[in-house]
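# Notes for the structure review
What follows is the residue order along each chain.
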Amino acid sequence: MQSTENRISSLQARIQRAAADAGRNADDIRLVAISKRKPEAAIRAAAAAGLREFGENYLQEAAVKIAALADLDLTWHFVGAIQSNKTTEIARLFQWVHTVDREKIARRLSSSRPEAAGPLDILIQVNIDDEPQKAGVATSGLAELAARIIELPNLRLRGVMAIPKPSAPPREAFRRLRNAFEEARPAAASNWDTISMGMTGDFEDAIAEGATIVRVGTAIFGPRDLSQ
Ligand SMILES: *Cc1c(COP(=O)(O)O)cnc(C)c1O
């Protein structure tokens, strides 16, 4: 079996190559390691191999790991569904939240953010394929939501995030997200600089279309145990 260190170095080489192919600087693409369902030891191994940014989907699971790994000074991203009664804990534990799709959640995150922690970095999740059951604001509502979020004092609105539908080739959806990001720029503030898109199966396409964060789990940690 491949070690975490080997998987990370081949992933980084693929990111470099995808950036070069797109005429982009690989330093402009940040790798967030999605560590959901993976134990503390796996995260320690990835941190030892140089990764500093990790993403989690499930709050209770994340809270335990974040406390256990406090000695490492990692940056944590919340990439899961947000229930409104969980905003206080999310605002305390994380530095980034990728999945804000309504004003009520943004307000609650802002009012719960401890001032000493500095502003919470926010991405608006966009329902880029207009899937009926999927989280995310419709593309047509992005600019208005951005304009409301920039009024909130303890948030720093950075950009957008999406998860394209699995049944279609993702590249076209990534391009639409990039276009929506550019179109909403006038409604956002000066920190509007982040497009979070691309996972293990499609991060190269995402980089080709302008991703500045890729969220990769399986290519770093190996397959997740889905029976958990
Ligand atoms: C699980 C997950 C990922 C990572 O998926 P892989 O295919 O394992 O790379 C990225 N983003 C979100 C929102 C996820 O839930």
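Within any chain, residue numbers begin from 1 and follow the written order of that chain's sequence. Only residues with pLDDT of 70 or above have their local features reported here, since the model is predicted, and side-chain atom pairs are shown and tallied only from 80 upward, although totals for entire chains, interfaces and linings are computed over all residues. Only hydrogens and water are removed before side-chain values are computed, so all heavy atoms of the structure are retained for them.

### Notes on the side chain of Lys-38
Spelled out, the test is: Every helix listed is a DSSP run of H or I at least four residues long, and every strand listed is a run of E at least two residues long, numbered separately from the N terminus. Throughout, a residue-residue contact means that at least one pair of heavy atoms, one from each residue, lies within 4.5 Å.
Mapped onto the fold, Lys-38 is located in the loop between strand S1 (30–34) and helix H2 (40–48). Residues within four places of Lys-38 in sequence aside, it is in contact with Ile-43, Glu-61, Lys-65, Phe-221, Gly-222, Pro-223 and Arg-224.

### Notes on the packing of aromatic side chains
Threshold: Here is the rule: rings of Phe, Tyr and Trp (six-membered ring for Trp) pair when centre to centre is within 6.5 Å. Planes less than 30 degrees apart are stacked, more than 60 are edge-to-face, and the remainder are tilted. When a residue's accessible area, from a 1.4 Å probe over protein chains only, is under 20% of the maximum for its type it is buried; when over 50% it is exposed; and in between it is partly exposed.
Tallied over the entire structure, the rule returns 3 aromatic pairs. Relative to Trp-76, the ring of Phe-54 lies with its centre 5.8 Å away and its plane at 40 degrees, an arrangement referred to as tilted. Linking Phe-54 in strand S2 (residues 53–56) with Trp-76 in strand S3 (residues 75–78), this pair joins segments that are 22 residues apart in sequence. Taking the relative accessible area as the measure of exposure, Trp-76 reaches 5% and is therefore buried. Seen in terms of ring centroids, Phe-78 and Phe-94 are 5.2 Å apart; in terms of plane orientation they differ by 70 degrees. Their pairing is edge-to-face. Note that Phe-78 is positioned in strand S3 and Phe-94 in the loop between helix H4 (87–93) and strand S4 (96–100), a separation of 16 residues in sequence.

### Brief notes about the site of the ligand
Put simply, the rule is: The cutoff for a nearby residue is simple: one of its non-hydrogen atoms must lie within 4 Å of the molecule or strand. Two N or O atoms count as a polar contact when they lie within 3.5 Å, although within protein this holds only if one can serve as hydrogen donor and the other as acceptor, and sequence-adjacent residues are included solely when both atoms are side-chain atoms. Per-residue and other accessible areas follow the Shrake-Rupley method at a 1.4 Å probe size, with only the shown protein chains counted as cover for residues. Under this grouping Gly is polar, as are all residues other than the nonpolar Ala, Val, Leu, Ile, Met, Phe, Trp, Tyr, Cys and Pro and the charged Asp, Glu, Lys and Arg.
Around the ligand sit 13 residues, and of these Lys-36, Asn-57, Thr-200, Gly-217 and Thr-218 come closest. At a separation of 2.9 Å, a nitrogen atom of the ligand approaches a polar side-chain atom of Arg-215. A distance of 2.6 Å separates an oxygen atom of the ligand from a polar side-chain atom of Thr-218. Contact with the protein chains hides 89% of the accessible area of the ligand, taken as 390 Å² for the molecule alone. Looking at the shell around the ligand, its residues break down into 6 nonpolar, 4 polar and 3 charged.

### Some words on unusual backbone geometry
One non-glycine residue with positive phi stands out, namely Arg-37, at about 65 degrees. Positionally, Arg-37 belongs in the loop between S1 and H2. Exposure remark for Arg-37: the relative accessible area of 30% places this residue in the partly exposed category. Located in the positive-phi region is Asp-130, a residue other than glycine, with phi close to 50 degrees. As for its placement among the helices and strands, Asp-130 is situated in the loop between strand S5 (120–125) and helix H6 (142–149).

### Some remarks on H2
Because each turn of an α-helix spans 3.6 residues, side chains separated by three or four positions in sequence point in the same direction. Here is the rule: By arc we mean the arc of the directions from the helix axis to the C-beta atoms, nothing more.
All of the buried residues along H2 are Ala-42, Ile-43, Ala-46 and Ala-47. The arc that holds every buried residue of H2, seen down its axis, measures 140 degrees, which confines them to one face. Exposed and oriented more than 90 degrees from the buried face of H2 are Ala-41 and Ala-48. Following H2 by one or two positions, Gly-50 has its phi on the positive side, about 110 degrees.

### Some words on the nonpolar core
Keep this limit in mind: Each nonpolar core is a collection of buried residues, namely Ala, Val, Leu, Ile, Met, Phe, Trp, Tyr and Cys, held together in the definition by side-chain atoms within 4.5 Å.
Of all hydrophobic cores here, the largest spans 65 residues; its most connected members are Phe-54, Val-97, Leu-109, Leu-142, Val-214 and Ile-220. In terms of residue count, the dominant contributor to this core is helix H7 (residues 170–184) (6 residues). If near-sequence neighbours (up to four positions away) are discounted, Leu-142 is found in contact with Ile-124, Val-126, Val-137, Val-160, Ala-180, Phe-181, Ala-184 and Trp-192.

### Thoughts on the environment of Val-64
Summarising the element assignment, Val-64 is placed in helix H3 (residues 59–68). Along the primary structure Val-64 and Arg-215 are separated by 151 residues, whereas in three dimensions their C-alpha atoms are 21 Å apart.

### Notes on the pairing of S5
Applicable threshold: For two strands to pair, DSSP has to find at least two bridges joining them. By the criterion used throughout, a crossover qualifies as right-handed when its path from the first strand across the helix to the second strand runs clockwise, the strands pointing away from the viewer.
Of all 6 residues that make up S5, 6 are buried, and the element is covered over most of its length. Burial along S5 is two-sided: Leu-120, Ile-122 and Ile-124 and Asp-121, Leu-123 and Gln-125, pointing in opposite directions, are all buried. For S4 and S5, the ladder comprises 3 bridges, and the chain directions are parallel. Directly across from Trp-96, in S5, lies its bridge partner Asp-121. In this view, the connection linking S4 to its parallel neighbour S5 by way of helix H5 (residues 103–112) has right-handed handedness. Examined bridge by bridge, S5 and strand S6 (residues 155–161) share 6 bridges and lie parallel to one another. Looking at S6, one finds that Leu-123 is bridged to Gly-159. Chirality of the crossover, the property in question, places the unit of S5, H6 and S6 among those that are right-handed.

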